[in-house]
Amino acid sequence: MIDEILLGAEEKMDKAIEVAKEDFATIRTGRANASMFAKIFVDYYGSPTPLQQLASFSTPEARTILIAPFDKTSTVAIEKALRESDLGVNPTNDGNSIRVMLPILTEERRKDFVKLARAKAEDARISVRNIRRRAKEQLDRIVKDGDAGEDEVARAEKELEVLTKKRVENIDHVLAAKESELLEV
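Summarised in this report is the structure supplied together with it. Please read these numbers as outputs of a predicted model, since none were measured by experiment.

**Side note on helix α3 (residues 107–145)**
Given a rise of 1.5 Å per residue, 39 residues ought to cover 57 Å, and the 57 Å separating the end C-alpha atoms of α3 matches this to within 8%. Taken together, the buried positions of α3 are Arg110, Phe113, Val114, Ala117, Ala121, Ala124, Arg125, Val128, Ile131, Ala135, Leu139 and Ile142. Among the structural elements, α1 (2–26) and α4 (150–183) are those in contact with the buried residues of α3. Directly after α3, the chain includes Gly146, whose backbone phi takes a positive value near 80 degrees.

Shown next as structure tokens:
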């Protein structure tokens, strides 16, 4: 029972880290990257559809992304979704594909993106700590119900703290990498 709680907490913490990495990937840097469009939804025949399901992406240049819709009739809807997104891009449509030129980031904009990355990292840390808190509550309930001894639960709580510390350090490491990527010119 204790091992199940620890394993469940570890899996949830790993999932929180994956979500943080996905969030970091959506933050725009100076280079073109298809994962920037992961959170953009297009109104496709009345239903919001992820852009990555509607088109293929290629990067012919470092700051250019070429989006080729699978269905040419969705080109206008994709262009509209890109304009309304928070990426700050101005797509151009040639009828068959959409070209997105990423503007050079100013120092102020880079600092804003660093703040955003730090906020996303803090959200991930909070998520990991909430998972730890829920697992600790479950462990306390086991002791209270008499299903396990206090020594076993104390050992499990120490293990839980080690898991939490390791995951928070992992988030900090990913954040540091994203910050350096954002601040390089």
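What follows picks up the thread again.
**Regarding the packing of α3 against α4**
In the contact formed by α3 and α4, the axes pass within 10 Å of each other and the chain directions differ by 170 degrees. In terms of orientation, α3 lies roughly antiparallel with respect to α4.

**Digging into the sheet that holds strand β6 (residues 98–101)**
Pairing is antiparallel across the open sheet formed by 4 strands, whose spatial order is β3-β4-β6-β5. Looking at strand neighbours, the two that pair on one side only are β3 (55–61) and β5 (92–93), the edges of this open sheet. Here helix α2 (residues 75–84) sits on the sheet and contacts β3, β4 (64–69), β5 and β6; the angle it forms with β6, its principal contact strand, is near 15 degrees.

**Some remarks on the packing of α1 against α3**
Contact pair α1 / α3: the axes reach a minimum separation of 9 Å and the direction vectors enclose 170 degrees. As summarised for this structure, α1 and α3 are arranged roughly antiparallel, according to the angle between their axes. Of the residues in α3, those in contact with Ile2, Ile5, Ala9, Lys12, Met13, Ala16, Ala20, Asp23 and Phe24 of α1 are Ala117, Lys120, Ala121, Ala124, Ser127, Val128, Ile131, Arg132, Ala135, Gln138, Leu139 and Ile142.

**A look at the environment of Ile2**
Along the chain, the position of Ile2 falls in helix α1. The exposure class of Ile2 is buried, given its relative accessible area of 8%. Residues Ile2 and Arg155 lie 153 residues apart in sequence; the distance between their C-alpha atoms is 9.9 Å. Ignoring anything within four residues of it in the chain, the contact list for Ile2 reads Leu139, Ile142, Ala148, Glu152, Val153, Arg155 and Ala156.

**Details of the pattern of salt bridges**
Applying the stated criterion to the full structure yields 15 salt bridges. Notably, a salt bridge pairs Arg167 with Glu10, separated by 3.0 Å at the nearest N-O pair. Placement of Arg167 in helix α4 and of Glu10 in helix α1 is noted, with a sequence separation of 157 residues between them. Owing to a relative accessible area of 6%, Arg167 belongs among the buried residues under this scheme.

Here is what the cut-offs are and how they apply
Residues numbered from 1 in each chain as written. Predicted model: local features only at pLDDT ≥ 70, side-chain atom pairs only at ≥ 80, totals over all residues. Heavy atoms only, no water. Helix = DSSP H or I, 4+ residues; strand = E, 2+ residues; numbered from the N terminus. Expected span 1.5 Å × (residues − 1). Buried < 20%, exposed > 50% of the residue type's maximum accessible area, 1.4 Å probe, protein only. Contact = heavy atoms within 4.5 Å. Axes fitted to C-alpha atoms, helices over the stretch in contact; angles between N-to-C directions. Parallel < 35°, antiparallel > 145°, perpendicular 65-115°, else oblique. Pairing = 2+ DSSP bridges. Salt bridge = Lys/Arg side-chain N within 4 Å of Asp/Glu carboxyl O.

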